[in-house]
Amino acid sequence: MPFVTVQLTREGTEPGTDRMTPDQKAAIFRGMSQVLFDVLGKPHDWTWVVIQEVDTADWGWGGMPVLDYREQRAAEPK
C-alpha cells in the first residue's frame, strides 16, 4: 500500500491567496495516485496521499529562508 507525502510551501498560485484550493489538492491526489498506477500497477484505492502545506518561514533552500533564496535567484543575471 503506497503512502505518498507531498510537501509544498503554503502559498497560493493566485495573487492574494495563501494556500492551495480544494480543486488543486484533489488534482494532486488524482495525479499522484495515477502515477503509482501507471508505473507500479497500484490500484487507486490502495494509495494514500497526504499534502502538507508548510509556511514559507519554515522552508529553507540553499542555506537560507526560501523567500530570500528566491530573491537572490531572481537578481542573478540570466
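Higher on the page you've got the structure.
This report concerns the structure included in the present document. Bear in mind the structure is a predicted one, so any value in this text is a computation, not a measurement.

Let us now look at the side chain of threonine 9. Locating threonine 9 in the fold gives a position in strand 1 (residues 3–9). Within the local environment of threonine 9, its side chain forms a polar contact with the side chain of glutamate 11, the two groups lying 2.3 Å apart. Ignoring sequence-local partners within four residues, the contact set of threonine 9 consists of Val54, Thr56, Trp59 and Arg70.

The subject of this paragraph is the nonpolar core. Within soluble globular proteins, side chains that are nonpolar generally end up buried alongside one another. Counting residues in each nonpolar core, the largest one holds 6 residues, listed as Val4, Val6, Met20, Leu36, Val49 and Ile51. Looking at this core, the elements with two or more residues in it are strand 1 and strand 2 (48–54). For leucine 36, the contacting residues outside a window of four places in its chain are Pro2, Val4, Gly41, Lys42 and Thr47.

Reading guide: rules and limits
- Residues numbered from 1 in each chain as written.
- Predicted model: local features only at pLDDT ≥ 70, side-chain atom pairs only at ≥ 80, totals over all residues.
- Heavy atoms only, no water.
- Helix = DSSP H or I, 4+ residues; strand = E, 2+ residues; numbered from the N terminus.
- Polar contact = N/O pair within 3.5 Å; in protein donor to acceptor, adjacent residues only side chain to side chain.
- Contact = heavy atoms within 4.5 Å.
- Core = buried A, V, L, I, M, F, W, Y, C linked by side-chain atoms within 4.5 Å.
- Buried < 20%, exposed > 50% of the residue type's maximum accessible area, 1.4 Å probe, protein only.

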